[in-house]
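The lines below spell out each chain.
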Amino acid sequence: MKAIEIINQGSAGFLQLTERPIPVAKEGEVLIRVHAAGINRPDVLQRIGRYVVPKGVPDIPGLEIAGEIVGGDVSGSDFKIGDMVCALVQGGGYAEYCTACTKLCLPIPEGMTPVEAASLPETYFTVWSNVFDFGRLKGKENLLVQAGASGIGVAAIQMASAMGHRVFATALTEDNCRACEKLGAERCINSTTENFAEYIKEATGGKGVDVILDIIGAAVLDKEIDCLADEGRLVLIAYLGGRQGTVDLAQIVHRQLTVTGSTLRPRSNEFKAEIARNLKEHIWPLIGAGKIKSVIYRVFPLAEAMQAQKLMQSNTHFGKIVLQVI
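Here goes a summary of the coordinates provided.

Reading the values: rules and limits
- Residues numbered from 1 in each chain as written.
- Predicted model: local features only at pLDDT ≥ 70, side-chain atom pairs only at ≥ 80, totals over all residues.
- Heavy atoms only, no water.
- Pairing = 2+ DSSP bridges.
- Helix = DSSP H or I, 4+ residues; strand = E, 2+ residues; numbered from the N terminus.
- Axes fitted to C-alpha atoms, helices over the stretch in contact; angles between N-to-C directions.
- Right-handed = clockwise from strand over helix to strand, strands pointing away.
- Phe/Tyr/Trp six-rings, centres within 6.5 Å; stacked < 30°, edge-to-face > 60°.
- Buried < 20%, exposed > 50% of the residue type's maximum accessible area, 1.4 Å probe, protein only.
- Lys NZ or Arg CZ within 6 Å of the ring centre and 35° of its normal.
- Contact = heavy atoms within 4.5 Å.

**Some details on the sheet that holds strand E10 (residues 187-190)**
Moving on, step 1. Overall, parallel pairing links the six strands, which are arranged E10-E9-E8-E11-E12-E13 in an open sheet. The open sheet has two edge strands, E10 and strand E13 (258-261), and neither has a second partner. Pairwise comparison of adjacent strand axes, ignoring direction, gives a mean angle of 15 degrees for this sheet.
Moving on, step 2. In this sheet, E10 lies alongside strand E9 (residues 166-171) in parallel orientation, the contact comprising four bridges. Following the sheet pairing, Ala 171 is matched in E10 by Asn 190.

**Side note on the pairing of strand E14 (residues 296-301)**
Moving on, step 1. Where E14 meets strand E15 (residues 320-324), five bridges bridge the pair, whose relative direction is parallel. Across the sheet, residue Arg 298 finds its bridge partner in E15, namely Ile 321.
Moving on, step 2. In this view, the connection linking E14 to its parallel neighbour E15 by way of helix H10 (residues 305-314) has right-handed handedness.

**Side note on the packing of aromatic side chains**
Moving on, step 1. Counted by the stated rule, this structure contains three aromatic pairs.
Moving on, step 2. The interplanar angle of 85 degrees and the centroid separation of 6.5 Å between the aromatic rings of Tyr 124 and Trp 284 together place this pair among those described as edge-to-face. Placement of Tyr 124 in helix H3 (residues 121-134) and of Trp 284 in helix H9 (residues 269-288) is noted, with a sequence separation of 160 residues between them.
Moving on, step 3. Aromatic side chains Phe 168 and Tyr 199 sit 6.3 Å apart centroid to centroid with 75 degrees between the ring planes, which places their arrangement in the edge-to-face category. Within this pair, whereas Phe 168 is found in strand E9, its partner Tyr 199 is found in helix H6 (residues 196-203), the two being separated by 31 residues in sequence.
Moving on, step 4. Accessibility expressed as a relative area gives 22% for Tyr 199, which makes it partly exposed.
Moving on, step 5. Positioned above the aromatic ring of Phe 271 is the side chain of Arg 267, whose terminal nitrogen or guanidinium carbon lies 4.4 Å from the ring centre.

**Details of the environment of Ala 185**
Moving on, step 1. As for its placement among the helices and strands, Ala 185 is situated in the loop between helix H5 (174-182) and E10.
Moving on, step 2. You can call Ala 185 buried: its relative accessible area is 4%.
Moving on, step 3. Expressed as a C-alpha distance, the spacing of Ala 185 and Gln 158, which sit 27 residues apart in the sequence, is 7.9 Å.
Moving on, step 4. Sequence-distant contacts of Ala 185, defined by excluding residues within four places in its chain, comprise Ile 157, Val 167, Ala 169 and Cys 180.

Here is the structure:
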């Protein structure tokens, strides 16, 4: 099969099309003929040597795919050979064939193409886990999404808004701010020209925001603590703006704030399978009803995976970047 491999992993690393054996599905896994694969930040970090791949995971990058089940173990599942699915995978997605845990496969939502569906698993699993599980967003609580123009941001805005929550976001340009608002953000603050913490406190009557989903980190940490509501939760999933920051611990103690973080890839399949069940129950119907949509910025052929990752590194995109394999 054709696949993408990493050459000279590290700062000079690049991606190259190569030939690899078709992987063999183990018990509890299916073999998927990949139609499309999503591009994600961990893929880039893997190429430049800043992301350690879990032991036993393929060196081929790619964490989310969509395609046809052509073999493997479908026993005990709702799937059969020939079904079209999207799946969260541990690696190996930039290829013509990839194995996936059957429990981490989901049917392609009604009305979606494989290219659109390939943009869902990594971001939607991540958002559900961090916003609704770790962040415990519920009831009439509100959410701030940092970097709303990212794939994670676009998913979080839509998911929380469609579930009835008041959503704020930040972005780096006016165009991206307006695009975030069209997806459901009540207001997207231009973080290059505005102080998002001041706006949040004003917009909430001084209360603050209940949950913050953050991929920026140190550069905005003090402002995030400042604009959290009492008993608010800050969930960190990346630190693109730096990994070392300072906070006023008195605010955390006296206002009962929670600062937490997580990463999805090392988690067990059982942990991820519970997320899959929640997505199928709560989010897939909203996608089918047209209340949540796949936002694709650009599609590249598999052979141009390096160009696709360079686009992600430029931070000029809005939404997801996808590789079309078939």
